[in-house]
Amino acid sequence: MARQQFDLIVFDWDGTLMDSTAHIAHSIQAACHDLGLPRPSDEAARYVIGLGLRDALQVTAPTLDPSDYPRLAERYRFHYLLDDQRIELFAGVRELLAELRDTGYLLAIATGKSRVGLNRVLDQTRLMSLFDATRCADETFSKPHPAMLHELSRELGQDLVRTVMIGDTTHDLQMAASAGAAGIGVAYGAHAADALAALEPRFVANDVPALAAWLREHA
């Protein structure tokens, strides 16, 4: 794998590196149920994955008084943490990240998770040392605002035209486009392949091996 187009590769976390989409959607639905709110459909719950928690709850519970967002967020975290240690990385992710690192790419994360949540899963998966920088939704603007990519590129001294954002949602690809970075979609997470393709990313990968193969040939 030799660098051609990119120096900085930025990954989303949930639904891109970790197989957590179904668990997050269920936790959103359970939290709404706890507060007597209408249960979001599977599609609606999956749509907000990748947004910051407050933004996600505003979309899934539009009738909720903003003063009750902390209660809904607490119930979401309760349900998410019940089984979060049983969620695993997608097969092949660890090997792909190690290969990219060994090749000399700078690696970063831009995620809708909180800083506490991201640090917890990085520690659990023993991946902390592979990433040069990370940004979370409680530290800056939520996706699809381009702030995360702007901040990561400045921190690492990289040009956004040599940066690619890899994610499983349209929020990731919209963020990349707004920041002036390239985008790659992965169709094994929260959003459907046709929705990702509509935003004209460089590639839409159906699985991790396909993503790895594209990066080896083109990145």
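The structure this text deals with has already been given above.
The rules behind the values
- Residues numbered from 1 in each chain as written.
- Predicted model: local features only at pLDDT ≥ 70, side-chain atom pairs only at ≥ 80, totals over all residues.
- Heavy atoms only, no water.
- Helix = DSSP H or I, 4+ residues; strand = E, 2+ residues; numbered from the N terminus.
- Rg over C-alpha atoms; globule rule 2.2 N^0.38 Å.
- Buried < 20%, exposed > 50% of the residue type's maximum accessible area, 1.4 Å probe, protein only.
- Axes fitted to C-alpha atoms, helices over the stretch in contact; angles between N-to-C directions.
- Parallel < 35°, antiparallel > 145°, perpendicular 65-115°, else oblique.
- Left-handed = near helix turned anticlockwise from the far one by under 90°.
- Contact = heavy atoms within 4.5 Å.
- Nonpolar A, V, L, I, M, F, W, Y, C, P; charged D, E, K, R; others polar.
- Pairing = 2+ DSSP bridges.
- Salt bridge = Lys/Arg side-chain N within 4 Å of Asp/Glu carboxyl O.
- Lys, Arg positive; Asp, Glu negative; His and termini not counted.

Digging into the overall build of the chain
The secondary structure content of the chain amounts to 10 helices and 6 strands. The C-alpha atoms of the chain give 17 Å as radius of gyration, which agrees with the globular expectation for 219 residues (17 Å, within 12%). By its C-alpha atoms, the chain is 55 × 30 × 30 Å across when sized along the principal axes. Buried residues in the chain amount to 53% of all 219 residues.

With respect to the packing of helix α5 (residues 93-103) against helix α10 (residues 208-218)
Relative orientation of the contacting elements α5 and α10 amounts to 15°, with a least axis distance of 10 Å. Relative to α10, α5 is oriented roughly parallel. Seen from above, α5 lies across α10 with left-handed handedness. Of the residues in α10, those touching α5 at Val93, Leu96, Glu99 and Leu100 are Val208, Leu211, Ala212, Leu215 and Arg216. Its residues assigned to classes, the contact of α5 with α10 shows 7 nonpolar, no polar and 2 charged.

Description of the sheet that holds strand β3 (residues 133-136)
Strand order in this open sheet of 6 strands is β3-β2-β1-β4-β5-β6, and the pairing throughout is parallel. In this open sheet, the two edge strands, each paired with only one partner strand, are β3 and β6 (203-205). On average, each strand axis in the sheet is inclined to that of its neighbour by 20°, with strand direction left out of account. Two elements, strand β5 (residues 182-186) and β6, share 3 bridges in a ladder whose sense is parallel. When the sheet's bridge partners are listed, isoleucine 184 is paired in β6 with phenylalanine 203. In this fold helix α7 (residues 147-156) packs onto β1 (8-11), β2 (106-111), β3 and β4 (163-167), with an angle of close to 155° to the strand it touches most, β3. Across the sheet, helix α8 (residues 170-179) is in contact with β2, β4 and β5; its angle to β5 comes to roughly 170°.

Some words on the environment of aspartate 194
Here aspartate 194 lies in helix α9 (residues 193-197). Separated by 15 residues in sequence, aspartate 194 and proline 209 place their C-alpha atoms 20 Å apart.

Section: the packing of helix α3 (residues 53-60) against helix α4 (residues 69-83)
Packed helix pairs are characterised by how far apart their axes lie and by the angle those axes make with each other. Contact geometry of α3 with α4 gives a least axis separation of 10 Å together with a crossing angle of 105°. Between α3 and α4, the angle is such that the two are roughly perpendicular. For the pair α3 and α4, the contacting residues are Leu53, Arg54, Leu57 and Gln58 in the first and Tyr69, Leu72, Ala73, Tyr76 and Arg77 in the second. Class assignment of the residues belonging to the contact of α3 with α4 gives a composition of 6 nonpolar, 1 polar and 2 charged.

Brief notes about the pattern of salt bridges
Inspection of every chain in the model, using the stated rule, returns 12 salt bridges. Here aspartate 68 and arginine 71 are joined by a salt bridge, their closest N and O atoms 3.7 Å apart. In this structure arginine 71 comes out as partly exposed when scored by relative accessible area, which is 48%. Sharing partners across several salt bridges, the network here consists of Asp12, Lys143 and Asp172.

Focus on the side chain of aspartate 168
Examined against the element boundaries, aspartate 168 turns out to sit in the loop between β4 and α8. With no salt bridge to any partner, buried aspartate 168 finds its closest opposite charge in lysine 143, at an N-O distance of 6.5 Å. Excluding anything up to four places from it in sequence, aspartate 168 contacts Asp12, Asp14, Gly15, Thr16, Thr21, Val186, Gly189, Ala190, His191 and Leu196.

What to know about unusual backbone geometry
Residue lysine 143 is joined to proline 144 through a cis peptide bond whose omega torsion reads 5°. Take proline 144: it is sitting in the loop between β3 and α7. Its identity as a non-glycine residue notwithstanding, arginine 126 has a phi of 60°, on the positive side. For arginine 126, a relative accessible area of 63% gives the class exposed. At glutamate 200, a position not held by glycine, the phi torsion is positive, near 55°. Topologically, glutamate 200 is positioned in the loop between α9 and β6.

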